[in-house]
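# Coordinate analysis (summary)
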There are 4 protein chains.
Amino acid sequence: MLKAYPGDVGDIDQEKLAACIAACFECAQVCTACADACLAEDMVADLRACIRNNLDCADVCAATGAILSRQTAGDGNVVRTILEACAAACKACGDECAKHSDMHQHCEVCAEACRRCENACRELLAAL
Amino acid sequence: MLKAYPGDVGDIDQEKLAACIAACFECAQVCTACADACLAEDMVADLRACIRNNLDCADVCAATGAILSRQTAGDGNVVRTILEACAAACKACGDECAKHSDMHQHCEVCAEACRRCENACRELLAAL
Amino acid sequence: MLKAYPGDVGDIDQEKLAACIAACFECAQVCTACADACLAEDMVADLRACIRNNLDCADVCAATGAILSRQTAGDGNVVRTILEACAAACKACGDECAKHSDMHQHCEVCAEACRRCENACRELLAAL
Amino acid sequence: MLKAYPGDVGDIDQEKLAACIAACFECAQVCTACADACLAEDMVADLRACIRNNLDCADVCAATGAILSRQTAGDGNVVRTILEACAAACKACGDECAKHSDMHQHCEVCAEACRRCENACRELLAAL
């Protein structure tokens, strides 16, 4: 879709932008599914922090993915701060999921999606 | 993520479910970007219906993608009615975008994403 | 905001529309908070269905509130089907929360918000 | 709903928290409606920056409102950075809307909602 944009997308690195958009939407989906899979575990009571971090991360990733999908007349400070928030949410969720990656495959998959998205956000931030 | 779910996902066709989840998240992203690309067009005043349909479709697809990502203790009627709403939003948006696919590449890409998502929703509905 | 809309909002009953928008945003907030409060309960393992219904209902209410907030060039079928989905999600969540309203105040508050929103959706549907 | 939370909400100022949650949901609704009202204006081509800022602000406010609605096992850094992003989005949107508050009542209402939400975010940040 970036190539079909009729205007000028500015100086932003388009490859990193496209990678970050994809990572945000993927992470939003995976975190939503991980929260639900944690909820289905027998030991759900031990997974409260994981579920909370999943839900927050899904919300921030969805908002970030939408904002990055827009190229028209945006505000640099909004883009920067939402990328910071997204990296923070992905780090918190990835760290939490990594704690029980051995035990739960969904947390392993989720920790990886969070790392990818955190890295994509930080690389885009560095390129702004 | 579906394969990592710890519980029983029930009788639902998992391939169609996974395809529909992917189509919903893709369509949410593409519609968000198409609304923004329409906004950047010189003829934005002629694209009001397209932008409106894009925004509605993005919202419904995001909600549907999230709901379908959950397998725990859901309500059949909620799943059915949100799939109906998603198919309706994708049809409305796809029809509108198709009207100016010749002129705007972003509308062409969006019309295709909407058709894929509409079909995925209808196939999943038929398989429920 | 409805009164500040520059165009013609059509034949729709503006009072019912405004009430439904407010009910959707309220219900989205309350369901998000109820899912979190259920997660904090000692008996979280018994509240899985409540949390799932809360999360779905929050997603559908947020999408419905956004779509109803738009008056420009919308599609009647999209509005109708999303209102049906919202009424279904509010009914499922309200019924589930009502089962343990005695025990959990957050479920009591949530059941009431769901009932209000379900009724607001049905009244708006009847007035379309 | 804060009073019905079964756990300990911690040291956070509950009045400021409740005010910020309400401001986020209100601002999300008003920004969604303002984007749509701008789209309906004859001079829509001059309102591109306003629509873009409205859409971004609605997305960030919705995510922030949801995150603040959760009290269980959250991450301080996520809360802080999303509040920073929300204040930035509200400032950008409020500034843009304020430029044409004289001409468009919806922008006047929206500028006010953005200011309230920006202030609520900053006050909560200061109280963390």
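Residues numbered from 1 in each chain as written. Chains lettered and ligands numbered in written order. Predicted model: local features only at pLDDT ≥ 70, side-chain atom pairs only at ≥ 80, totals over all residues. Heavy atoms only, no water.

The name given to chain A in an unreviewed UniProt entry is NAD-dependent dihydropyrimidine dehydrogenase PreA subunit, with the source organism recorded as Nocardioides perillae.

When its secondary structure is counted, chain A shows four helices and zero strands. Reading chain A from its N end, one meets helices and strands in the order α-α-α-α. At 15 Å, chain A has a C-alpha radius of gyration in line with the 14 Å of a compact globule built from 128 residues. Projected onto its principal axes, the C-alpha positions of chain A cover 50 × 25 × 20 Å. The buried share among the 128 residues of chain A stands at 62%. Counting contacts in chain A only where the partners sit at least 6 residues apart, residues at least 24 apart contribute 74% of the total. Surface accessibility of chain A: about 4700 Å² in total, with carbon and sulfur atoms responsible for 46%. The average position of the 11 basic charges and that of the 20 acidic charges among the side chains of chain A differ by 4 Å. (Helix = DSSP H or I, 4+ residues; strand = E, 2+ residues; numbered from the N terminus. Rg over C-alpha atoms; globule rule 2.2 N^0.38 Å. Buried < 20%, exposed > 50% of the residue type's maximum accessible area, 1.4 Å probe, protein only. Contact = heavy atoms within 4.5 Å. Areas by Shrake-Rupley, 256 points an atom, 1.4 Å probe, with all protein chains shown as cover. Lys, Arg positive; Asp, Glu negative; His and termini not counted. Charge placed at Lys NZ, Arg CZ, Asp CG, Glu CD.)

Once that is clear, we can look at empty space enclosed by the protein. Summed over all chains, the structure comprises three cavities of 30 Å³ or more. In this structure, the largest cavity encloses a volume near 1100 Å³. Along the walls of the largest cavity sit 40 residues, with Ala 62 of chain A, Ala 62 of chain B, Asp 59 and Ala 62 of chain C together with Ala 62 of chain D positioned nearest its centre. Considering only enclosed or pocket space, the second largest cavity measures out at about 70 Å³ in volume. Grouping the amino acids of the lining of the second largest cavity by side-chain chemistry returns six nonpolar, three polar and one charged. (1 Å grid on protein atoms, 1.4 Å probe; cavity = no way out; pocket = protein on both sides within 12 Å on 5 of 7 lines; lining within 4 Å. Points joined across faces, edges and corners; volume = space filled by probe spheres on them. Nonpolar A, V, L, I, M, F, W, Y, C, P; charged D, E, K, R; others polar.)

Let's shift gears to the pattern of salt bridges. Residues and elements named next belong to chain A. Scanning the entire structure with this criterion turns up 36 salt bridges over all chains. Salt-bridge contacts for Glu 26 lead to Arg 116; the nearest nitrogen and oxygen are separated by 3.0 Å. Here the residue Glu 26 occupies a position in helix H1 (residues 14-40), and Arg 116 occupies one in helix H4 (residues 105-127), the gap between them amounting to 90 residues. For Glu 26, a relative accessible area of 33% puts it in the partly exposed group. (Salt bridge = Lys/Arg side-chain N within 4 Å of Asp/Glu carboxyl O.)

Here chain A sits on chain D after a turn of 180 degrees about the axis and a move of 0.0 Å along it, with an RMSD of 0.0 Å. The two molecules are tied by a two-fold rotation axis, judged by turn and shift. Counting the interface residues of chain A, we find that 100% of their copies in chain D are interface residues as well, pointing to one common contact surface. (Least-squares fit on C-alpha atoms with pLDDT ≥ 70 in both.)

To continue, consider the relation of the copies chain C and chain B. Of the transformation placing chain C onto chain B, the axial shift is 0.0 Å and the rotation is 180 degrees, giving an RMSD of 0.0 Å. Mapped onto chain B, 100% of the interface residues of chain C are again interface residues, and the two copies thus contact each other with one and the same surface.

Further remarks concern the side chain of Glu 96 of chain A. Positionally, Glu 96 of chain A belongs in helix H3 (residues 76-99). Dropping the residues within four chain positions of it, Glu 96 of chain A is found in contact with Ala 49, Cys 50 and Asn 53 of chain A.

Time to look at the interface of chain C and chain B. On the chain B side, the residues contacting the 27 residues of chain C number 27 residues. Between chain C and chain B the total buried area reaches about 2100 Å² when both faces are included, carbon and sulfur atoms providing 64% of it. Sorting the residues of chain C by area buried against chain B places Arg 52, Arg 70 and Val 78 of chain C first, and these three jointly supply 28% of that buried surface. Where chain C touches chain B, the interface holds four salt bridges. Put simply, Arg 70 of chain B and Asp 56 of chain C hold a salt bridge, and the shortest N to O gap is 2.7 Å. Elements represented by at least two residues in the side of chain C that touches chain B include exactly helix H2 (48-68) and helix H3 (76-99) of chain C. (Buried area = accessible area lost by both parts, 1.4 Å probe.)

Here we come to H4 of chain A. The first and last C-alpha atoms of H4 of chain A sit 33 Å apart over 23 residues, in line with the 33 Å expected at 1.5 Å per residue. For H4 of chain A, the elements touching its buried residues are H1, helix H2 (48-68) and H3 of chain A. (Expected span 1.5 Å × (residues − 1).)

To continue, consider the packing of helix H1 (residues 14-40) of chain D against helix H4 (residues 105-127) of chain D. All names here are of chain D. It is the contact of H1 with H4, at a shortest axis distance of 8 Å, that shows an interaxial angle of 150 degrees. In terms of their interaxial angle, H1 and H4 are classed as roughly antiparallel. As H1 runs across H4, the sense of the crossing is left-handed. The class makeup of the residues in the contact of H1 with H4 is 21 nonpolar, one polar and four charged. (Axes fitted to C-alpha atoms, helices over the stretch in contact; angles between N-to-C directions. Parallel < 35°, antiparallel > 145°, perpendicular 65-115°, else oblique. Left-handed = near helix turned anticlockwise from the far one by under 90°.)

Another point: the interface of chain A and chain D. Counting from both sides, the interface comprises 27 residues of chain A and, opposite them, 27 residues of chain D. For the pair chain A and chain D, the summed buried area comes to about 2100 Å², and 64% of that belongs to carbon and sulfur atoms. On the surface where chain A and chain D come into contact, there are four salt bridges. Here chain A is connected to chain D by ten residue pairs in polar contact (both at pLDDT 80 or more). Mapped onto the side of chain A that touches chain D, the elements with two or more residues apiece are H2 and H3 of chain A. (Polar contact = N/O pair within 3.5 Å; in protein donor to acceptor, adjacent residues only side chain to side chain.)

All right, on to H1 of chain A then. All names here are of chain A. Taking 1.5 Å as the rise per residue, H1 with 27 residues should run 39 Å; its terminal C-alpha atoms sit 39 Å apart, in good agreement. Most of H1 is tucked away, with 20 of its 27 residues classed as buried. You can read the cap of H1 off the contacts: a side-chain oxygen lies 3.0 Å from the backbone nitrogen of Glu 15, and it is on Asp 13.

Moving on, we come to the side chain of Ser 69 of chain C. Within the secondary structure, Ser 69 of chain C is located in the loop between H2 and H3. Here Ser 69 of chain C is in contact with Ile 21 and Phe 25 of chain C together with Gln 29, Thr 32, Ala 33 and Asp 36 of chain D, once residues within four sequence places are set aside.

What follows deals with the state of the cysteines. Here is the idea: a disulfide is a covalent bond, and it sits between the sulfur atoms of two cysteines. Inspection of the entire model under this criterion finds zero disulfides over all chains. A disulfide-free cysteine, Cys 34 of chain D has its sulfur positioned 3.9 Å from the sulfur of Cys 107 of chain D, the nearest such atom. (Disulfide = S-S within 2.5 Å.)

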